[in-house]
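Examination of the molecular architecture
Here is how the chains run, residue by residue.
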Protein chains: 4
Amino acid sequence: MPKLGMEPIRRAALIDATIAEIGAAGTLDITVGQIARRAGVSSGLAHHYFGGKDDMLMAAMRHVMREYAREVRLGLAVAQTPRARLEAIVRGSFAASNFTPDTIGSWLNFYVLALSSGPARRLHRIYAKRLRSNLCHALRPLVGTRADNLGAQTAALIDGLYLHQGLSPTVPDGDTAIRQVMSHLDRELKG
Amino acid sequence: MPKLGMEPIRRAALIDATIAEIGAAGTLDITVGQIARRAGVSSGLAHHYFGGKDDMLMAAMRHVMREYAREVRLGLAVAQTPRARLEAIVRGSFAASNFTPDTIGSWLNFYVLALSSGPARRLHRIYAKRLRSNLCHALRPLVGTRADNLGAQTAALIDGLYLHQGLSPTVPDGDTAIRQVMSHLDRELKG
Amino acid sequence: MPKLGMEPIRRAALIDATIAEIGAAGTLDITVGQIARRAGVSSGLAHHYFGGKDDMLMAAMRHVMREYAREVRLGLAVAQTPRARLEAIVRGSFAASNFTPDTIGSWLNFYVLALSSGPARRLHRIYAKRLRSNLCHALRPLVGTRADNLGAQTAALIDGLYLHQGLSPTVPDGDTAIRQVMSHLDRELKG
Amino acid sequence: MPKLGMEPIRRAALIDATIAEIGAAGTLDITVGQIARRAGVSSGLAHHYFGGKDDMLMAAMRHVMREYAREVRLGLAVAQTPRARLEAIVRGSFAASNFTPDTIGSWLNFYVLALSSGPARRLHRIYAKRLRSNLCHALRPLVGTRADNLGAQTAALIDGLYLHQGLSPTVPDGDTAIRQVMSHLDRELKG
DNA sequence: AATGAATGAGTTTTCATTCAT
DNA sequence: GATGAATGAAAACTCATTCAT
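Residues numbered from 1 in each chain as written. Chains lettered and ligands numbered in written order. Predicted model: local features only at pLDDT ≥ 70, side-chain atom pairs only at ≥ 80, totals over all residues. Heavy atoms only, no water.

1. Examining the overall build of chain A
Applied cut-off: By definition, any uninterrupted DSSP run of H or I lasting at least four residues is a helix, any uninterrupted run of E lasting at least two residues is a strand, and each is numbered from the N terminus. Buried, partly exposed and exposed residues are distinguished by accessible area as a fraction of the type maximum, computed with a 1.4 Å probe on protein chains only: under 20%, between the cut-offs, and over 50%, respectively. The contact rule is simple, with two residues in contact once any of their heavy atoms fall within 4.5 Å.
In terms of helices and strands, chain A carries nine helices and zero strands. The order of α-helices and β-strands along chain A, N terminus first, is α-α-α-α-α-α-α-α-α. Dimensions along the principal axes, computed over C-alpha positions, put chain A at roughly 65 × 40 × 30 Å. Per-residue burial over chain A gives 52% buried out of 191 residues. Nonlocal contacts in chain A, meaning residues at least 24 apart in sequence, comprise 67% of its contacts between residues at least 6 apart.

2. Here's the deal with empty space enclosed by the protein
Residues and elements named next belong to chain B. Inclusion rule: Every definition here rests on a 1 Å grid over the protein atoms only: cavities are sets of points where a 1.4 Å probe fits but cannot get out, pockets are open sets enclosed by protein on both sides within 12 Å along at least five of seven lines, and lining residues have some atom within 4 Å of a point. Grid points are joined across faces, edges and corners, and a volume is the space filled by probe spheres set on the points.
Evaluated as defined, the whole model comprises one cavity of 30 Å³ or more. Around the largest cavity, the lining residues are Tyr68, Ser93, Trp107, Tyr127, Leu131, Ile158 and Tyr162. Every element with two or more residues in the lining of the largest cavity is listed here: helix H7 (118–143) and helix H8 (147–167).

3. Side note on the packing of aromatic side chains
Applied cut-off: Each aromatic pair joins two rings of Phe, Tyr and Trp (for Trp, the six-membered one) with centres within 6.5 Å, and gets the label stacked for planes under 30 degrees apart, edge-to-face for over 60, and tilted for any other angle.
In the structure shown here, the tally under the stated rule is 36 aromatic pairs over all chains. Seen in terms of ring centroids, C:Tyr68 and C:Tyr127 are 5.6 Å apart; in terms of plane orientation they differ by 65 degrees. Their pairing is edge-to-face. Of this pair, C:Tyr68 sits in helix H4 (residues 53–78) while C:Tyr127 sits in helix H7 (residues 118–143), and the two are 59 residues apart along the sequence. The pair C:Tyr68 / C:Tyr127 is uniform in exposure class, with both members buried. Where D:Phe94 meets D:Phe99, the ring centres are 5.2 Å apart and the plane angle is 85 degrees; that geometry is what we call edge-to-face. For the pair formed by D:Phe94 and D:Phe99, the shared burial category is buried.

4. Some remarks on the interface of chain C and chain D
As a reminder of what qualifies: Each of two parts loses accessible area, computed with a 1.4 Å probe, when they are put together; buried area is these two losses added. We define a salt bridge as a contact between a side-chain nitrogen of Lys or Arg and a carboxyl oxygen of Asp or Glu at a distance within 4 Å. In protein, a polar contact means a hydrogen-donor-capable atom and an acceptor-capable atom, both N or O and within 3.5 Å, with residues adjacent in sequence counting only if both atoms are side-chain atoms; elsewhere, any N or O pair within 3.5 Å suffices.
Contact residues are listed per partner, giving 35 residues for chain C and 36 residues for chain D. Both faces combined, the contact of chain C with chain D buries some 3000 Å², and carbon together with sulfur accounts for 62% of it. The three residues of chain C that bury the most area against chain D are C:Leu115, C:Leu167 and C:Arg187, which together make up 22% of that side's buried surface. The interface formed by chain C and chain D contains two salt bridges. The salt bridge partner of D:Glu188 is C:Arg187, with a shortest N-O separation of 3.2 Å. In this structure, the connection of chain C to chain D is made through nine residue pairs in polar contact (both at pLDDT 80 or more).

5. Topic: the relation of the copies chain B and chain A
Stated precisely, the cut-off is as follows: C-alpha atoms of residues with pLDDT of at least 70 in both copies form the basis for the least-squares superposition of the copies.
The transformation that overlays chain B on chain A combines an axial shift of 0.0 Å with a rotation of 180 degrees, and the residual RMSD is 0.1 Å. Both copies of the chain, as the preceding transformation shows, are related through a two-fold rotation axis. Considering only C-alpha atoms, the part of chain B nearest the rotation axis is B:Gly160, at 1.8 Å.

6. With respect to the relation of the copies chain C and chain D
Superposing chain C onto chain D takes a rotation of 180 degrees combined with a translation of 0.0 Å along the rotation axis, leaving an RMSD of 0.1 Å. Of the residues that chain C buries at the interface, 100% are likewise interface residues in chain D, meaning the two copies contact each other through the same surface.

7. Digging into the environment of D:Val64
Residue and element names in this part refer to chain D. You can see valine 64 is positioned in helix H4 (residues 53–78). The sequence separation of valine 64 and leucine 142 amounts to 78 residues, and the corresponding C-alpha distance is 30 Å. The residues contacting valine 64, other than those within four sequence positions of it, are Ile19, Thr103, Trp107 and Phe110.

8. Comments concerning the arrangement of the chains
Structurally, chain B and chain C remain out of contact, their C-alpha atoms never closer than 33 Å. With no contact formed, the shortest span from any C-alpha in chain A to any C-alpha in chain D equals 21 Å.

9. Quick word on the packing of helix H6 (residues 101–113) of chain C against helix H8 (residues 147–167) of chain C
Residue and element names in this part refer to chain C. Our working definition: What counts as an axis is a line fitted to C-alpha atoms, over the stretch in contact for a helix, and the angles between N-to-C directions run from 0 to 180 degrees. In this scheme, roughly parallel covers angles under 35 degrees and roughly antiparallel covers those over 145, while 65 to 115 is roughly perpendicular and the rest are oblique. By the definition used in this description, the sense in which the near helix is turned from the far one sets the handedness, with an anticlockwise turn below a right angle giving left-handed and a clockwise turn giving right-handed. Amino acids are sorted into nonpolar (Ala, Val, Leu, Ile, Met, Phe, Trp, Tyr, Cys and Pro), charged (Asp, Glu, Lys and Arg) and polar (every other residue, Gly among them).
At a minimum axis separation of 10 Å, H6 and H8 run at an interaxial angle of 120 degrees. On the basis of the axis angle, H6 is oblique to H8. The handedness of the crossing between H6 and H8 is left-handed. On H8, the residues that touch Ile104, Trp107, Leu108 and Tyr111 of H6 are Asp159, Tyr162, Leu163 and Gly166. Among the residues forming the contact of H6 with H8, the class breakdown is six nonpolar, one polar and one charged.

10. Here's the deal with the side chain of B:Ser93
All names here are of chain B. Among the structural elements, serine 93 can be located in helix H5 (residues 82–93). Its relative accessible area of 2% is what places serine 93 among the buried residues. Within the local environment of serine 93, its side chain forms a polar contact with the side chain of tyrosine 68, the two groups lying 3.3 Å apart.

11. What about helix H1 (residues 6–25) of chain B?
All names here are of chain B. As a reminder, the rule being used: Expected helix span is taken as 1.5 Å per residue step, with the number of steps being one fewer than the number of residues.
Between its terminal C-alpha atoms H1 stretches 28 Å, which fits the 28 Å expected from 20 residues at 1.5 Å a residue. Listed as buried for H1 are Met6, Leu14, Ile15, Ala17, Thr18, Ile19, Ala20, Glu21 and Ile22. Check the buried side of H1 and you find it contacts helix H2 (32–39), helix H3 (43–50), helix H4 (53–78) and helix H6 (101–113).

12. A closer look at the environment of A:Arg125
Here A:Arg125 shows up in helix H7 (residues 118–143). Look past the residues within four positions of A:Arg125 in its chain and what remains in contact with it is B:Leu167 and B:Pro169.

13. A look at the interface of chain B and chain A
The partner chain A presents 35 residues to the 35 residues of chain B that form the contact. Interface area for chain B against chain A, summed over the two sides, is near 3000 Å², with a carbon-plus-sulfur share of 62%. At the surface where chain B touches chain A, the tally comes to two salt bridges. Linking chain B to chain A there are nine residue pairs in polar contact (both at pLDDT 80 or more). At the level of secondary structure, the elements contributing two or more residues to the side of chain B that touches chain A comprise H6, H7, H8 and helix H9 (174–190) of chain B.

14. Here's the deal with helix H6 (residues 101–113) of chain A
Its 13 residues place the ends of H6(A) 18 Å apart at the C-alpha level, agreeing with the 18 Å of an ideal helix rising 1.5 Å per residue. Those residues of H6(A) that are buried are in contact with helix H1 (6–25), helix H4 (53–78), H7 and helix H8 (147–167) of chain A together with H6 and H8 of chain B.

15. Comments concerning the packing of H1(B) against H4(B)
All names here are of chain B. Put simply, H1 and H4 touch, their axes get as near as 9 Å, and they point 90 degrees apart. Comparing the axis directions of H1 and H4 gives the class roughly perpendicular. Along its contact with H1, which presents Leu14, Ile15, Asp16, Thr18, Ile19 and Ile22, the element H4 presents Met56, Leu57, Ala59, Ala60, His63 and Val64. Grouping the constituent residues of the contact of H1 with H4 by class yields nine nonpolar, two polar and one charged.

16. Looking at the environment of B:Glu87
Counting through the fold element by element, B:Glu87 comes out in helix H5. Through-space distance from the C-alpha of B:Glu87 to that of B:Val181 is 9.1 Å; in sequence the pair is 94 residues apart.

17. Here we look at the side chain of D:Asn134
Residues and elements named next belong to chain D. Tracing the chain through its elements places asparagine 134 in helix H7 (residues 118–143). The class of asparagine 134 is buried, set by a relative accessible area of 17%. Look past the residues within four positions of asparagine 134 in its chain and what remains in contact with it is Val72, Leu76 and Ile89.

18. What about the pattern of salt bridges?
For the structure on display, the rule yields 32 salt bridges over all chains. With a closest N to O distance of 3.2 Å, D:Arg146 and D:Glu188 form a salt bridge. Pair noted here: D:Arg146 is in the loop between H7 and helix H8 (147–167) and D:Glu188 is in helix H9 (residues 174–190), with a separation of 42 residues, a long-range link. Each member of the salt-bridge network shares a partner with another, and the members are A:Arg83, A:Glu87, A:Arg91 and A:Asp186.

Set out below in C-alpha cells:
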C-alpha cells in the first residue's frame, strides 16, 4: 500500500502555495509550475489533484473566503450586543490572520477575476451577500430602516480600505482599518 | 503618399479600443490582435505606435486617469464653497462620462495591475495622492485636523463604491454613488 | 496472504478490457488508466503484469488473432471437402464470437498499428500468411495454379469486408459477409 | 505591404507535409512540429493557418480524397462503355499519382480515424458512398439488379487490396491491383 | 504609414511509468 | 500481490513581437 491520505495534505499545501504565489507576484499570471514548486511537488501532481489551473485558483479563492467567514463567525459567536456584533464583523474583516499582504493581494486579484470568470463571480457574490447581510442584521436594531443604506456603505468602506491597504506602500495595518470603520460607524450611530 | 498626422488619431483609437476591450473581457488578458481589430488596424501598427502591449495598457490607464482628473478639475473650477468643492470631487469621481462599465472594468483591472507592475503602481500613486489631497484640501476649512482622517476614509469609500458597482450585476449608477458619499460626508460634517 | 494464481486471471481481464476500451474509443489512444479501471485494477498493476502499454496492446492483438485462429481451426477440423474447408475459413473469419464491434474496431486499429510498430507488423504478417496459406491450401484441389491468385484476392476481400463492416453505421453482420465471400468463391470456382 | 497571398501556398505545403509525415511514420501520432519542420515553417504558423492539429489532419484527409475523386473523374470523362467506366474507376483507385506508400499509409490511418472522429467519419462516408455509387452506376447496364451486390463486393475488394498493399513489405503495385479487380469483375460479368 | 507573414518562447495539460509501502 | 502517490517528458496551443515589403 502506498502512502495513504496524501490528497488533503497536498491540496492544502497547493492552496497555500497558490495564495503565497499570487501574493508574491501580485497577479494571477503565475504558472502552475511556480505554484507546484512552492508547494514542493511536481506540476503534474497539481493537475492531478485539481484538474487544472482555474480549479486551483477557485479553490484558493474559496479557501480565502472560508477563512474570512470563519473569523467573522467566531467573533459573532461571542458578541452580546448589536454594537459588539458590528465590531466582530469589522474585526474579522481585518483580522491579523487574514490581513497579510499575500492574502490581500489574492483578495484583490480574486475580486477582479470576478469580472471575467463565472465561477469567481458566483463566489464573490456569496461573499458580498454575506458581508452585507451580516452588517445589516447587526445594524437593524440600531438604526432601523437605515440599516440597508448604512450596511451597503460600510461594506463599500471595508472593501475600499482593503484596496487602499493592499495598494499602499506601507505594511498592511488591520488595527487602523478597524478603527477607521468603527469610528465611521459610531459617528453614524450617534447621528 | 503617407497620410500625415495619423499618429494622434491612431493612438487615440487604439487607447479607446484597449479600454473597450478590457471592459468587454473584464480582464487584462486580452490580445494585441483583439485591440487592433477593434481599432480597425493591424496588430503590427499597434506595436508601431506603442512599442508593446504593456505600453498600450499604460497609455490606456493614463488616459482613464486623465479623463477623471479633467472631470474633477472642471468641477472644482466653478465651485465656490468648500462644500461645493467636496461635491465637485465626488461628482467628478462618478461622472457619467467616466462611470461606464468599460471604464470601471478598466479601472479595477488597473488598480490590481498596480500590485505587479512598477509603471502602473506609479500611475496609481499619482491618482491616489491627488484624490486624497483634493479631498483634504476641501475638508480642511470644514473639519480642521480631522481632514486627513476623513479624507482617507472618503477616498476609501469612493474606491469601495467603484468596486461594488463594478462587480454588481446591475448597471452602474453614478448618482446613487454620489448620494452615498455625500450623505456620508454631510453626516460627518454635521457631527 | 497473497492470492495465488491471480496472474492469469488479471492478465485475461486486462486484455479483455483493452479490447473493449479500444472498441469503445475506436482508437489506440486510450490510457492505461482507462484500461485498468475497466478491468477493475490499478494502473500500477497493469504495468506490473505487462511491463508497459505497448506490451498490453500487443498482448491484446495476439489474443484477438489467437481467437480467430482457434475459430478457423475448429471449423477446419470437421471439414471433409475442399469446399467445406473454404467455407470453414470464411465462417471462422466472420464468426459471431469474434465479429463484434469491439473486436472489429480493435482489428482495424491493429492493422494500422502494423504500419508503425515492428512487433505489430510481425504479428500481422503471421495472420496474413496463415490466412493466405489456409485459403490457397483449400483452393489448390479446386483451381490448381490459380489458387495463389484467387487466395490473395479472397484474403483481400475478407479484409475489405472487415473494413466496410467496421466502418459501416449499421451493426456488423457476419452472415452477410460470409454469403458475399462464398458467392464470390462459388462463382470463381464455377467459371 | 508584406508578401501577399502566402496562405494558399503554406496550406498546400503543410498538407503535403502532413501526408508525407503520416506516410513516413505510419501513424497519426505525429507532432505539429514535425509537420511544420517538413513544410519548412514554424509550428506556430501551422496553427495559424489551420487552427489546430485535428484541422490539419482533416484537411489532409480531404485533400487525399479530392485527389482520388479527381483521378476517377478524369477517367470517367473519357470512358465510352460501361466496361470502360468500370475500368476507369478501378484505375483511378490505384492510379500511380495517389498510390504511393505515403498516400496509402495516410488513407489507412484516415480509415481508422473514422472510427473515433466525427469529421473523419463524415468524410469517409462521402468517399464510400461515391465509390459505391460510381461502381453501381457502371454495373447496372451490365448486370442489372445484381449491380448493388457486386458493387459492394467490388468496393470491399478495392479497399482490401489497399490494405494488403499498404501492409505488404513490397513496394505498392497499382497495376497488379488493377488487374486483380478487373479480372474479378470480368469473371463476374461473364458468369 | 501600414500590413500580413512568420517566429518561438512560454504555458497548460496529459499520461506512461516508477516507487514506497 | 496491489495500490495510490508522484514524476517529468512531451505535445498542443497562444501570442507578443519582429520584419520584409
